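# Structure at a glance
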Amino acid sequence: MEFALGKNSIRLWRIRGTLVALPACFVCGIVAALFPIVGIILCIIFIVIYLLYYFWYVPRLFHSSLASLENGRLTWRTGVLFSVRISLRLETILTASISRTPLQSLLGLCTLSVRPVGAPISLRQLAEPDARELLRRIEEAADD
Amino acid sequence: MTKRPHVVTLWNYLSRFFFLLIVPLVQAVFRAPFSEVAWSSLPGVIAVVGIACFQYLSCGYGVTAVEDSGRSLSILYWNSGLFFYKHRILPADCVASVFLRLNPILDLFGAVQVMLDSPAANAKRPSLTLLLHKKEPMSWWNQLREEITHRYAASPVRVVLMAISWSNPASGLLVIGLLLNRAGKLLGEELTRQLYGIYESVNQTQRLIAWGLPPTVAIVGWLMALGWFCAFLVQFFRYAFFTAGTCPTGTMISRGMFFRSRQLLTDQAIRAVAIRQTLMMRLLHLSSVYLHTIGSGKEKGDRSLLMAAANTQELRYHLARFYPKESPYFFSREGMTSIRPPKNSLLSFLLVPLLHAAAIFLLYALFVRYLALFSPLVLFLLVFPMYHLLLRTAAYRNSFLAEDDTHIAACGYVSDQLFTAVLPKSAVQAVVIRQNPLQRRSGRCQVRLCIGTEKGACFDLRHFRVEDIQQLSFLWEETEQP
């Protein structure tokens, strides 16, 4: 069974990217006022990075991120440039929790954190029904 | 019945105020006993000591039994807190390791620090820490010692060799810095001046200057040597008189001079056994055995050592007795599905040290241009990439990942060492496969086997082909063999 990310995750990443871009824009403006040529070069570089992030990186990140449950294993794939695939058995999970930031709850998204012995693993930007279904499966595995 | 811990527990509550309140008071009383300043902080000290006493009186521990589906469970509990009450329980079944810590100060009070760890422990703090009277824990330890079926004792020479290889100047300098800082705070400016004044009277630096070394370099050299020596002493005192034994309850490890520790690791606690070698050890056919466990290595620089610089014969002999199930996998891969990095991956192994070497040459060119006096020193830095080039060539020739029905064997490199680890499949908590853009093009990846310790220990295996990794069943199989 596969769980794609919530569709609003694209919107969330774009909002976050824009929020990060705003102070950077401000800095670019200051640099442009003081050193026009350097400022313009910086602005061009920055705009290109922002556009790449907005139209290329975010959609690809959405398509490359996927949680799946197969043979009693939870697998989480993510990453565009640096791809990561984490696979763990459900019975090794000690605790599982769902959390939301205000922005996530506004967009109907959440983060499922699972903790085996050691460091926790966070599955971010899952749609809330999917996260609840995953949590139910993990609970079932724990009961078995 | 709830028992009270050893009275030394008071120190836990007092220690945070000690340097701020009590030491200045004692200092002032000694300097000017009849002055107002000397006694003005006394009410504060009395209040702090009073609260600490009440906190001590409010804490207690004990063992209780509860019934769970017809089964009786022993539960250890710990109550503490005067204002914020805390009740902590630890089921006896969950205790994976027991660590007894002894030092001269605790000896003076007849106390021992007992640390109990479970798989749910925090990475930095044990599940439960108690300061108890020495008698009972030590008699329990001695009782366990009588049940030892096989014993290994590291020879002092090897412990010294290991301590030499582990010591680094930076950690030693950190210790010296802290000591001087503390001594300065405790004993005032006069002693600090005397301590630092030692350096003024030392004329060894002048001798080095006479050899042609710049003064700054000479001082840095002395500091590094001093730092290294301090780090060596710390490591030596920690691992002197190292012995390990196996008993029906688990593995018992006893080590240390002055600052001693006794550790019992149950079979549940031991997640993986690993052999590690530096290049020098590999040349001498020596290996050290480390355990990856729940509840060890919480102190900075602490290592879960089982055997120090053992030769192959010793290794075979002792490992077969300590861990008979895991031992054969270290020496043979017969009957296992095994994969290796592809033959054309040599450059990937060597890329980072080659880049380091290139960076050093660049730095050398800059120094020749602007700081010619120091430029020969920069060339000394080439030792590090050269060492890593050799290490990674050895890693390229030896890396593998193998599995059978019950165990996984892995060989790779970590910082300046080569490792071979054997772990039961059930110990693997998560498998992480990473690819950087270059690896995506070449179809290779880095595999991380995360094993179940509270510190999140893992083994990294680099430059394997993704399609080879898919052949291994532990990535996708449903249930593990016990």
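Our subject is the structure that appears above.
This text gives an overview of the structure that appears in the document. Since the structure is predicted, the reported quantities are computational estimates derived from the model, not experimental observations.

A separate point is the overall build of chain A. For chain A, the helix and strand inventory stands at 4 helices and 7 strands. Counted from the first residue to the last, chain A has its helices and strands arranged as β-α-α-β-β-β-β-α-β-β-α. The principal-axis extents of the C-alpha atoms in chain A amount to approximately 65 × 30 × 25 Å. Taking all 144 residues of chain A together, 41% fall into the buried category. For chain A, long-range pairs separated by at least 24 residues make up 46% of all intrachain contacts whose partners lie at least 6 apart in sequence.

All names here are of chain B. Here we have 7 strands laid out as an open sheet, ordered S13-S12-S11-S17-S16-S15-S14, and antiparallel in their pairing. Pairing within the sheet leaves two strands with one partner each, and these edge strands are strand S13 (305–311) and strand S14 (337–339). Recorded for the sheet is a direction-independent mean angle of 15 degrees between the axes of neighbouring strands. Two elements, strand S11 (residues 270–277) and strand S12 (residues 286–293), share 6 bridges in a ladder whose sense is antiparallel. Across the sheet, Val-273 pairs through a bridge with Leu-291, a residue of S12. Packed onto the sheet, helix H11 (residues 312–322) meets S11, S12 and S13 and runs at close to 150 degrees relative to S13.

Turning our eyes to something else, we now look at unusual backbone geometry. All names here are of chain B. A positive phi angle is found at Phe-241, which is not glycine, with a value near 55 degrees. Owing to a relative accessible area of 61%, Phe-241 belongs among the exposed residues under this scheme. For Ser-415, which is not a glycine, the phi torsion comes out positive at approximately 45 degrees.

To continue, consider the pairing of S12(B). Residues and elements named next belong to chain B. Of all the 8 residues making up S12, 8 are buried; the element is thus mostly covered by neighbouring parts of the structure. The side-chain alternation of S12 yields two buried faces, one formed by Leu-286, Ser-288, Tyr-290 and His-292 and the other by Ser-287, Val-289, Leu-291 and Thr-293. The sheet contact formed by S12 and S13 spans 4 bridges and is antiparallel. For Tyr-290, the partnering residue across the bridge sits in S13 and is Leu-305.

Turning to the sheet that holds strand S7 (residues 150–153) of chain B, a few remarks are in order. All names here are of chain B. Strand order across the open sheet formed by 7 strands is S6-S5-S4-S10-S9-S8-S7, with antiparallel pairing between neighbours. Of all strands in the sheet, those with a lone pairing partner are strand S6 (128–133) and S7, marking the two edges. Taken over all neighbouring pairs, the strand axes of this sheet differ in orientation by 15 degrees on average, direction set aside. Relative to strand S8 (residues 243–247), S7 runs antiparallel, the two being bridged by 4 bridges. When the sheet's bridge partners are listed, Arg-151 is paired in S8 with Gly-245. In this fold H11 packs onto S7, S8 and strand S9 (250–255), with an angle of close to 140 degrees to the strand it touches most, S7.

Helix-helix packing is described using two parameters, namely the angle between the two axes and the distance between the axes. Residues and elements named next belong to chain B. Put simply, helix H13 (residues 346–370) and helix H15 (residues 383–398) touch, their axes get as near as 9 Å, and they point 180 degrees apart. The pairing of H13 with H15 is recorded here as roughly antiparallel in orientation. Along the contact surface, H13 presents Leu-346, Phe-349, Leu-350, Val-352, Pro-353, Leu-354, His-356, Ala-357 and Ile-360, while H15 presents Pro-385, His-388, Leu-389, Arg-392, Thr-393, Ala-395 and Tyr-396. In terms of residue class, the contact of H13 with H15 is built from 12 nonpolar, 3 polar and 1 charged.

Moving on, we get to the interface of chain B and chain A. Accessible area lost during the coming together of the parts is what is often quoted as the interface size. Residue-level contacts link 27 residues of chain B with 23 residues of chain A. Summing both partners gives a buried area of about 1,900 Å² for chain B against chain A, and 45% of it is carried by carbon and sulfur. Counting across the chain B and chain A interface gives 0 salt bridges. Counting across the interface, chain B meets chain A through 7 residue pairs in polar contact (both at pLDDT 80 or more). Contributing elements (two or more residues each) for the side of chain B that touches chain A: strand S18 (428–435) and helix H16 (437–442) of chain B. Counting residues per element, the side of chain B that touches chain A draws most heavily on S18(B), at 8 residues. The pairing of strand S4 (residues 83–89) of chain A with S18(B) spans 6 bridges and is classified as antiparallel. Looking at the pairing, A:Val84 lines up with B:Arg434 of S18(B).

Turning our attention to the packing of helix H1 (residues 8–34) of chain A against helix H2 (residues 36–64) of chain A. Residues and elements named next belong to chain A. Between H1 and H2, whose axes approach to 9 Å, the crossing angle comes to 175 degrees. Taken as axis vectors, H1 and H2 run roughly antiparallel relative to one another. Residue composition of the contact of H1 with H2, grouped by class: 22 nonpolar, 4 polar and 1 charged.

The next subject is the environment of B:Val29. Residues and elements named next belong to chain B. For Val-29, the location among the structural elements is in helix H1 (residues 10–31). Val-29 gets classed as partly exposed once you look at its relative accessible area, which sits at 22%. Distance in space between the C-alpha atoms of Val-29 and Trp-39 is 7.3 Å, their sequence separation being 10 residues. Apart from residues no more than four positions distant in its own chain, Val-29 is found in contact with Ala-38 and Trp-39.

Here the focus is the environment of A:Gly29. Residue and element names in this part refer to chain A. For Gly-29, the position within the fold is in helix H1. By relative accessible area, Gly-29 is classed as partly exposed at 39%. Between the alpha carbons of Gly-29 and Leu-74 there is a distance of 46 Å; along the sequence they are 45 residues apart.

The next subject is helix H5 (residues 135–145) of chain B. For an α-helix the count is 3.6 residues per turn, leaving residues at separations of three or four pointing the same way. All names here are of chain B. Buried within H5 we find Pro-137, Met-138, Trp-141 and Leu-144. On an axial view of H5, the arc spanned by its buried residues comes to 115 degrees, and they lie on one face. Looking at H5, the residues exposed on the side facing more than 90 degrees away from the buried face are Lys-135, Glu-136 and Gln-143.

Scoring rules and cut-offs
- Residues numbered from 1 in each chain as written.
- Chains lettered and ligands numbered in written order.
- Predicted model: local features only at pLDDT ≥ 70, side-chain atom pairs only at ≥ 80, totals over all residues.
- Heavy atoms only, no water.
- Helix = DSSP H or I, 4+ residues; strand = E, 2+ residues; numbered from the N terminus.
- Buried < 20%, exposed > 50% of the residue type's maximum accessible area, 1.4 Å probe, protein only.
- Contact = heavy atoms within 4.5 Å.
- Pairing = 2+ DSSP bridges.
- Axes fitted to C-alpha atoms, helices over the stretch in contact; angles between N-to-C directions.
- Parallel < 35°, antiparallel > 145°, perpendicular 65-115°, else oblique.
- Nonpolar A, V, L, I, M, F, W, Y, C, P; charged D, E, K, R; others polar.
- Buried area = accessible area lost by both parts, 1.4 Å probe.
- Salt bridge = Lys/Arg side-chain N within 4 Å of Asp/Glu carboxyl O.
- Polar contact = N/O pair within 3.5 Å; in protein donor to acceptor, adjacent residues only side chain to side chain.
- Arc of directions from axis to C-beta.

Keep in mind these numbers describe shape, not what the thing actually does.
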